[in-house]
Amino acid sequence: MNRNKSIRVAILCLSLTMAGSLPIDAQKVTFHEGFISLKQAFEKLESSSVYKIAYNDSQLDVSRKVSMEQEDMDVLQVLSLLLKNTGYTYKINGNYVIIVPEETKTIKGKKKHVSGVIVDTNGEPVIGANVVEKGTSNGTITDIDGKFALEVSGNATLQVSYIGYNTQEFPVARKTDFFIKLGEDTQALDEVVVVGYGTQKKVNLTGAVQSISSRDLVKRNLSSSSQALQGLIPGMVVTQSSGAPGATASIQIRGTGSINSNSEPLVLIDGVEGDMNSIDMNAIESISVLKDAASASIYGSRASNGVILVTTKRAKENKLSVTYNGYVGFRTPTSTPNPVDAITYMEAINQACVNNNQAPQYSEEVINAYKTSGADNIHRYDTNWKDLVFDEITLTHNHSLSVSGGSDVLKTFVNASYNYEDGLIPNNSFKRTAIRSNTDAKITDWLRAGLNLNIRRSIQKDPTSGTNSIINSTLRFTPLFGAVNNDGTWGNGQNGINPLAQAIDGGVKVVDNNDIDVKGTLSLTPIKGMEILTSYASRRYENKQDKFQNTYDTYEGGNFVMTYPTTKSRYEEWYQLIKNQFNAQVTYENTFNKKHYFKGFFGFQTDELKNKSFSGSRNNYYYDGYEEMNHGDASSSMVNGYTSKLTMMSYFARFNYTFANKYLIELTGRYDGSSRFTAKNRWGFFPSASIGWRISEERFFNPLKDAIDNLKIRASYGSLGNQDLKDYYPYASVLALDASYWFGDSKNYTTGIYSNALSNPEISWEKSRQFDFGLDITAFNTRLDVTFDYYIREISDMLQQFPVTYAVGLTSPWENSGNMRNNGWDLSVMWRDQIGKVRYNITAMLSDVKNEVTDLYGNKYINDNNTTQEGFPINSWYGYVADGYFQSKEEIDNYPVYGNNKDNVKPGYIKYKDISGPEGVPDGQITDADRTIIGDPQPRYSFSLNLGAEWNNFDFNVFLQGVGKRDIFFSGAGARPFWMGGTVYEHQLDSWSEDNRDAEYPLLLIDGSGGGNMNNIPSSFWVKSGAYMRLKNVSIGYSLPQSILSKSGLENVRFYLSGQNLFTIAKGYKGYDPEGDVASYYPVTQVYTFGIDIKF
Amino acid sequence: MKRYRLIYTICVLLAFINISCSDFLDVEDTNSSYTNEGFYTNENAIREGTTGVYSNIYMQVVGELAHTTIFDFYTGLALERNENTTIGAGGGLNADNSDILKFWSQLYTNVARANAFLTGVKPNMDNLSEKSLQYVSEVRVLRAYYYYLLIALWGDVPFYMESPTPDQYEVEKTSRVEILDFIISECNESAEYLDWIATDRGRVDKSFAYGLINRMALLGGSLDFGGKSAEYFRIAAEAASKVIGKRSLALNYEDLFVVEGQAKADVRNEMILEMIYNVDGTNVHRNWTGFGFVSRMQGQTSRHPSMMLADTYECIDGKRIDESPLYDVHHPQKNRDPRFKATLWMHGDTATCNNGSLNTVIINAYDGETQQYNYTTGKWEVRNNDDINSAAAWASFTNAGCGYIIAKYSKETSQNISYTSQNVPIMRYAEILLGYAEAKIELGELDQSVYDAINQVRNRVGMPDVSADRIGNIEKMRQLVRRERKVEFAIEGLHLIDMRRWGIGDLENEKPMYGRPIEEIRYEGLSETDIPNFKKSDRHDLNDIPDYESYKEKLKMRDVNRYWDPKFELWPIPQQELDRNPKLVQNKGY
């Protein structure tokens, strides 16, 4: 079982920078440890000197007990003592102390000189990797360029190991020059993770923080980084509800954090608030997710919904390295409902008419004409809108080029990327180009500077009529509407709305987003252990929208019908957002009396956000091809604009204390002020505390140490705030400006103002408190890794707009009222191992969150089909309880009916249960008192399973993801045949009849607007399980063998095939994606890609 | 070097202190909106606040139809396209009805806008200019109008005279009598500050204030609010009499509903209050009526008039169709009150529309082809009949409807019919005349002024004076004034409340709707005796309710489930409102 794994070498950057600032001469140490293991002794030495000790535990028995009773002794002297009689000695290489065998044994056979270079998965040279001749103690470690040289016997096998990577073996045979790429371990004990305003060793974390490396993201081959996060962190629910080009996924950490306020996590890119999707995944170094209050509270008021910290790549080495990643692929919808053909449609409509005691809408002659001669596309249409409007296969491609390198004083990482996605309908696409450069300069030994520059441009193209509206019409329109006539002219669709014509000829809307982020940092080290860091970041985001509404002519029956719409028009909008952030922070860390590690941190930050917009439009463009603003009718000109501003100011501090690497404590506090509130309610203080105990470091744990590498329990409690409202001035009662009227004979435009919202000057922070208990286990030489967290998240003083009665006539004010609780647990289990030549890893994640509104001051919200009430999850589905169908007239006569008029109820109607009445008991009537909670829309039991394997040059990945429990309320076209004059889908034909009494749908009826069909009132009939499991991603890759590469000058070439959303098991209505919106949506897509990664 | 370290450190600290001490977090002055408190102090602000109250006057519930154009579809005079969706048929009028919720919430939105404005102006009332007082009065009258609709449609309702404070959000209903008395006094007080005819078209004026009192008091009188029936009829008559002579009727009835006609001074004089629609301006409101689209090569028809309405029009001799020798069962449009043609189209009529260009077609309820006039060649040509043979034919006047098309508002030829901008009247002078007459009749005061008022309305369209047999006969005068209100104001939003006032909902809605002769019979196939019976009972006769029982199998039938329930006298309070305000009690029967 004891594989060659944990080669203890320090983290590169940290140690190298320290090497620059500390002297390497003899350091004195004092120990009173008594008997401890050799491994622990090495750790002690490391913690009290600049040295990093490297050894191979497959050869050296590090569990052997040694005495550590030294008074003021040279480190190297201590080391000699410790290694006495072990057959090992040490070598010094810069800061590294490498434990090597004593040159006692003579190596038999002919000696051979081998050399090579070792790189990591990114192709970066690996310093300090251990290279050993297998079965001997003959070995060395790699130098700063990742190079090594060794004398070995002729038939030797090289064993290469490095912390965080799998150990690999290479037979020497005739080869003398090796290029070795390490296979990355997904986790290891010495991993450092990014936390708020700094980094921390993973083993020393006391909060619920989880991190993802760029490797996990990149292998998904998705253009949107938010989508790529799906299933990677337990307790983080990522939903991809749209397949529109450039669409992003929504992210929620540990349940819904707020009723009305924002409930998406704070995303910080290199410390500055940003958009997950603005970054090319190849430029991401790592992502940390701060889930509990204690880890997030350093971000105080902004972090109530968790924090995602994105760290981008920086140049580590001087050596120039160039990588290219690219893929090309195609996308196709996962599932859309199937509308029926014309004859089926007419027969279904006629059936619905008969079911409602009315004459059939379509005569026998009309239907017969279709049956005998089919559609002529001049008088009779049988349009398959879906086939006409949707492209079944659309293109996507992505290219990313990274260059990294520099000198000791100046290093740069530059990434340039291009992404293109074609939409499912004509004139619909998204493209994004981005350049990111991260530069670091060392000005003096104590002063460093950094400059991050990110320039991004994305262009979103949609038909002017709106992508969603076109897709909605496409899926909903009846086959009898004309799309294209047999002479090539446009059909009239519905009242001139012809989604095909709209998409092709209706004009194009182009949204041009330009984003420039700059961040400069200066870092000063006035004394040892102290760092003062200041940074200023500025983001300027501009959005320019250009929209031209073109008209098209429609024809039917050979006659011109109309020009739709009646006039051509142009609309342009410019929007600017400026965000400035100033940050200053001081960190000091030190270890006192060898055992007391201390780190203190204090910071100050200001944030400023400014919005400004300007828009204009004109109508009546008379001349084809002349479409600019000035070509329009001047009398129809309209201009609009607005501006708003938000500022925040914050003070924050953190204090860490670690005793003997066993007992960990962290205290954090943040004091935040927001301009959203009046001076009196402006400031909020958000403290937190967390503790950890590394049980595995206790002496009594030693017997288990062989099996369990690390065992830690931790607990945290903290409070957070939330102020993220749509409104910037919620405390002020303001007058809306968008009211106008036209007085006089000449209808003069007159501006008007009005009150439309109630205000509340007392508005202040929403608060959340979170308790988290966590357990981390790493066992069997880091092959097993388990993290478990249980949490209780209490949200109080919720920011919400209580729905006031319509009679008040204004929209509700913001209030701080009500409490809600999310409690749940997150579990992730990872196993990785090797069977023969196959290395594999399995990561399983499962999490649950249960939401309950605990206090609404006795109030409740009821909104049409959902309710928020004390003791239930927010927005629980609400309505009548369906009890199957009425099967006979007798049954109707003996049962209460909704609306009280039994003449209006027929067999095949939904039967509702009389569960209550005005007196709280069933009253023989179906009234509003019979409504109850009929489902929970919140996803429960989110799970994912990630399988990865590597064999020779092949790599293979499978990713499954899903939700175990959720209720979906189906409404609109998703549920109702003929909804709003629409068509009927094939699966909806399974409706009640005498011969089909347990049909999926009630008696087929025409669905009028306003009301009238009592089957459509909100009831449990329309609630279906939203549980699903989805094969989210499968990818298979092949890397060219070294023998081919070495001739080409390339370091690494990998090809891969990948598929996204390949297979789904779900229970809702057919044609509806479990992740998509129910009623109308841009279909979620399957994506198949072929890609290549090249490194020079 | 040490010195630079120190300098840098100090700079950071200074930045800290500098920002911390500034008013960095006070950003209110960057708000681009005005703040409500203390805003309404000058004439400009008051004018803009008034405009804000007008801007939502349309209260569009369905598509872009102004609220007044929808009300008749809750009566026997008109039909929604989908069968069994009007009134009780099919059971759609329940607390969950979304259109009812929209009416409710839009009316209260407008009340709230007015209340917020009036509350904002209140502290400055003593210092207002004459013009400002006029604006404030306009808002008070508008608020009265919205409350009138609320009590007429729902009965007792929540009542706010000022912007409510949070403890007033959940209130009990206030009696409709109390509200009616308040809004009548509001109009009386406000009228003082208003001109008889507003300088700015579209504004509330004195004629509207008194006209509204007439309308509101008729409601109180007919439904005997608080047992004060006679008192209200007196108020109604007096209010109307003040306006009589101050305004006049348009010369041509059809001018009232088309853009070019509305530009004429005589039309302006009749239009007491209009909702202004505008097509060329910076914001576009489309009076997209959707009436009779298919026939005019445009989209689908969503609303239809009933044959009950058509048969209410007298023949040109001033007699009802069952009494006039001029009535022709084969060509019902012949020899009729000219308002028939101004309001309705039917089989055989020639209709002109503008769907981007002018088209003139012959409306045909039965054949797959029809005639179209070719403006280039000047000849009639055969064309496909879209009402019978097109994708939208199922929604046409003949298939979904009863064989009639609403021509009122739809005869626009100067603008594209899907994008027209004719104003929609809320009140016309004709209503003052008929409202005066009705109040006087109910008071039993049949003097010459009553006949004069009715004659004016009838003579304008060429109908004869009140016939001699009616003079001095209250019942017959009541019959005539009700008939006049129906035919004069069809699809103008008065009949729903009139139906309730007169208590005739049961008569109009008790039976399925009948329409044009079926395909096998056609108009040619009707026999001379196939004339509806208006005399099923005295009530039917008094209210001109036709009965088709004797030849119903020859007619198209619609809304087989149509029924009447006394609860329909009031609309249900929306379920969502009951959920939000537990103190509200649902209207009886729902």
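Residues numbered from 1 in each chain as written. Chains lettered and ligands numbered in written order. Predicted model: local features only at pLDDT ≥ 70, side-chain atom pairs only at ≥ 80, totals over all residues. Heavy atoms only, no water.

Engineer: Which residues make up the overall build of chain A, and what values go with them?
Structural biologist: The secondary structure content of chain A amounts to 13 helices and 57 strands. Its C-alpha radius of gyration of 34 Å places chain A within 12% of the 31 Å reference for a compact globule of 1096 residues. Principal axes of the C-alpha set define a box for chain A whose edges measure 105 × 65 × 65 Å. Put simply, chain A has 1096 residues, and 59% of those count as buried. For chain A, long-range pairs separated by at least 24 residues make up 69% of all intrachain contacts whose partners lie at least 6 apart in sequence. Summed over all atoms, the accessible surface of chain A reaches about 42100 Å², with 55% contributed by carbon and sulfur. Each charge sign in chain A was given a centre, from 106 positive and 119 negative side chains, and these centres are 8 Å apart. (Helix = DSSP H or I, 4+ residues; strand = E, 2+ residues; numbered from the N terminus. Rg over C-alpha atoms; globule rule 2.2 N^0.38 Å. Buried < 20%, exposed > 50% of the residue type's maximum accessible area, 1.4 Å probe, protein only. Contact = heavy atoms within 4.5 Å. Areas by Shrake-Rupley, 256 points an atom, 1.4 Å probe, with all protein chains shown as cover. Lys, Arg positive; Asp, Glu negative; His and termini not counted. Charge placed at Lys NZ, Arg CZ, Asp CG, Glu CD.)

Engineer: Break down the interface of chain B and chain A for me, with residues and values.
Structural biologist: With 104 residues of chain B at the interface, the matching set in chain A holds 105 residues. Summed over both partners, the interface of chain B with chain A buries about 9100 Å², with 56% contributed by carbon and sulfur atoms. Close ionic contact of B:Asp26 with A:Arg682 constitutes a salt bridge, the shortest N to O distance being 2.9 Å. At the boundary of chain B and chain A, one finds 22 residue pairs in polar contact (both at pLDDT 80 or more). Breaking the side of chain B that touches chain A down by element, the ones donating at least two residues are α1 (2–21), β1 (34–35), α2 (43–54), α4 (98–121), β3 (271–275), β9 (379–384) and α19 (575–580) of chain B. Counting residues per element, the side of chain B that touches chain A draws most heavily on α4(B), at 10 residues. By residue class, the composition of the side of chain B that touches chain A is 38 nonpolar, 45 polar and 21 charged. Relative to β1(B), strand β37 (residues 734–743) of chain A is paired through 2 bridges, and the arrangement is antiparallel. (Buried area = accessible area lost by both parts, 1.4 Å probe. Salt bridge = Lys/Arg side-chain N within 4 Å of Asp/Glu carboxyl O. Polar contact = N/O pair within 3.5 Å; in protein donor to acceptor, adjacent residues only side chain to side chain. Nonpolar A, V, L, I, M, F, W, Y, C, P; charged D, E, K, R; others polar. Pairing = 2+ DSSP bridges.)

Engineer: Let's hear about the sheet that holds strand β6 (residues 111–119) of chain A: which residues, and what values?
Structural biologist: The strands that make up a sheet are held in pairs by hydrogen bonds between backbone atoms, and each pair lies either parallel or antiparallel. Residues and elements named next belong to chain A. Strand order in the open sheet formed by 3 strands is β9-β6-β12, with mixed pairing between adjacent strands. Single-partner strands in this sheet number two, and they are β9 (147–153) and β12 (177–181). Going from strand to strand, the sheet's axes swing by 30 degrees on average, the running direction of each strand aside. As judged from the 5 bridges shared by β6 and β12, these two strands associate in the parallel manner. In the strand pairing of β12, Val117 is matched with Phe179. (Axes fitted to C-alpha atoms, helices over the stretch in contact; angles between N-to-C directions.)

Engineer: Help me get a handle on the domain arrangement of chain B, residues and values and all.
Structural biologist: Interfaces are often sized by the accessible area lost when the parts come together. Residues and elements named next belong to chain B. Its domain assignment divides chain B into domain 1 (50–277 + 423–512 + 561–590) and domain 2 (292–411 + 513–558). Between domain 1 and domain 2, the C-alpha centre-to-centre distance is 29 Å. Counting residues at the interface gives 50 residues for domain 1 and 45 residues for domain 2. With both chains or domains summed, domain 1 and domain 2 bury close to 4200 Å², and 56% of this area falls on carbon and sulfur atoms. Here domain 1 and domain 2 share 12 salt bridges between them. Residues Lys536 and Glu510 are paired through a salt bridge, measuring 3.9 Å at the closest nitrogen-oxygen approach. For the pair domain 1 and domain 2, the number of links is 28 residue pairs in polar contact (both at pLDDT 80 or more). Every element with two or more residues in the side of domain 1 that touches domain 2 is listed here: β2 (78–80), β11 (424–428), α14 (448–460), α15 (474–488) and α17 (505–509). The element that contributes the greatest number of residues to the side of domain 1 that touches domain 2 is α15, accounting for 10 residues. Here the side of domain 1 that touches domain 2 is composed, by residue class, of 24 nonpolar, 7 polar and 19 charged. (Domains from an automatic or database assignment.)

Engineer: Account for the packing of aromatic side chains, with residues named and values stated.
Structural biologist: Centre distance and the angle of the planes are the two values used to describe a pair of aromatic rings. Residues and elements named next belong to chain A. Scanning the entire structure with this criterion turns up 70 aromatic pairs over all chains. Between Trp742 and Tyr749 the ring centres are 6.0 Å apart and the planes differ by 50 degrees, which places this aromatic pair in the tilted class. Look at Trp742 and you get buried, because its relative accessible area is 1%. Residue classification places Tyr749 among the partly exposed residues on the basis of a relative accessible area of 40%. (Phe/Tyr/Trp six-rings, centres within 6.5 Å; stacked < 30°, edge-to-face > 60°.)

Engineer: Talk me through the nonpolar core; I want residue IDs and the actual numbers.
Structural biologist: B:Trp154, B:Ile183, B:Phe208, B:Ile454 and B:Trp571 are the most contacted members of the largest nonpolar core, which has 178 residues in total. The leading source of residues in this core is helix α5 (residues 130–154) of chain B, at 17 residues. Summarising the domain contributions, this core has at least three residues from each of domain 1 (50–277 + 423–512 + 561–590) and domain 2 (292–411 + 513–558) of chain B. In this structure B:Phe208 touches B:Val141, B:Tyr145, B:Ile272, B:Leu273, B:Ile426 and B:Met427, once residues within four positions along its chain are discounted. Formed by 55 residues, the second largest nonpolar core is a distinct cluster that contains A:Ile910, A:Ile934, A:Tyr985 and A:Leu1005. (Core = buried A, V, L, I, M, F, W, Y, C linked by side-chain atoms within 4.5 Å.)

Engineer: A description of the side chain of A:Glu698 should follow, citing residues and the corresponding values.
Structural biologist: Residues and elements named next belong to chain A. Tracing the sequence through the fold places Glu698 in the loop between β35 (683–694) and β36 (708–722). For Glu698, a relative accessible area of 8% corresponds to the buried category. The residues contacting Glu698, other than those within four sequence positions of it, are Lys662, Tyr663 and Trp693.

Engineer: Help me get a handle on the pattern of salt bridges, residues and values and all.
Structural biologist: Residues and elements named next belong to chain B. Taken as a whole and assessed by the stated rule, the structure comprises 100 salt bridges over all chains. Notably, a salt bridge pairs Lys511 with Asp547, separated by 3.2 Å at the nearest N-O pair. In this pair, Lys511 is assigned in the loop between α17 and β12 (513–517) and Asp547 in the loop between α18 (538–542) and β13 (555–558), connecting sequence segments 36 residues apart.

Engineer: Break down the sheet that holds strand β2 (residues 52–54) of chain A for me, citing the residues and quoting the values.
Structural biologist: All names here are of chain A. Pairing is mixed in the open sheet, where 3 strands are placed in the order β2-β5-β4. A single partner strand is all that each edge strand has here, and the edge strands are β2 and β4 (88–93). Adjacent strand axes in the sheet meet at a mean angle of 30 degrees, parallel and antiparallel pairs treated alike.

Engineer: Any chance you could break down the packing of α5(B) against helix α16 (residues 495–502) of chain B for me, citing the residues and the numbers?
Structural biologist: Two measures define how a pair of helices packs: the angle their axes make with one another and the distance between the axes. Residue and element names in this part refer to chain B. Closest axis-to-axis distance for the α5/α16 pair is 10 Å, and the angle between their directions is 50 degrees. With respect to α16, the axis of α5 lies oblique. Of the two elements, α5 crosses α16, and the hand of that crossing is left-handed. Counted together, Tyr148, Leu149, Ala152 and Leu153 of α5 and Leu496, Ile497 and Arg500 of α16 form the full contact between these two elements. The residue makeup of the contact of α5 with α16, split by class, is 6 nonpolar, no polar and 1 charged. (Parallel < 35°, antiparallel > 145°, perpendicular 65-115°, else oblique. Left-handed = near helix turned anticlockwise from the far one by under 90°.)

Engineer: Explain the confidence of the model for chain B to me, and be specific about the residues and the numbers.
Structural biologist: Per-chain confidence: chain B averages 91 in pLDDT, with 93% of residues scoring 70 or above. As scored by the predictor, the complex reaches a pTM of 0.80 and an ipTM of 0.91. (pLDDT = per-residue confidence, 0-100.)

Engineer: Tell me about α16(B), residues and numbers included.
Structural biologist: All names here are of chain B. Across the 8 residues that make up α16, a large majority, 8, are buried. Here the buried face of α16 lies against α3 (67–71), α5, α7 (206–222), α13 (429–443), α15 and α17. Positive backbone phi, at 65 degrees, marks Gly503, one or two positions downstream of α16.

Engineer: Any chance you could break down the environment of A:Ile1006 for me, citing the residues and the numbers?
Structural biologist: Among the secondary structure elements, A:Ile1006 is positioned in the loop between β53 (967–969) and β54 (1023–1025). Placed 653 residues apart in sequence, A:Ile1006 and A:Cys353 show a C-alpha to C-alpha distance of 7.1 Å. Apart from residues lying up to four places away in sequence, A:Ile1006 is in contact with A:Ile349, A:Ala352, A:Cys353, A:Gln361, A:Phe978, A:Asn1013 and B:Asn82.

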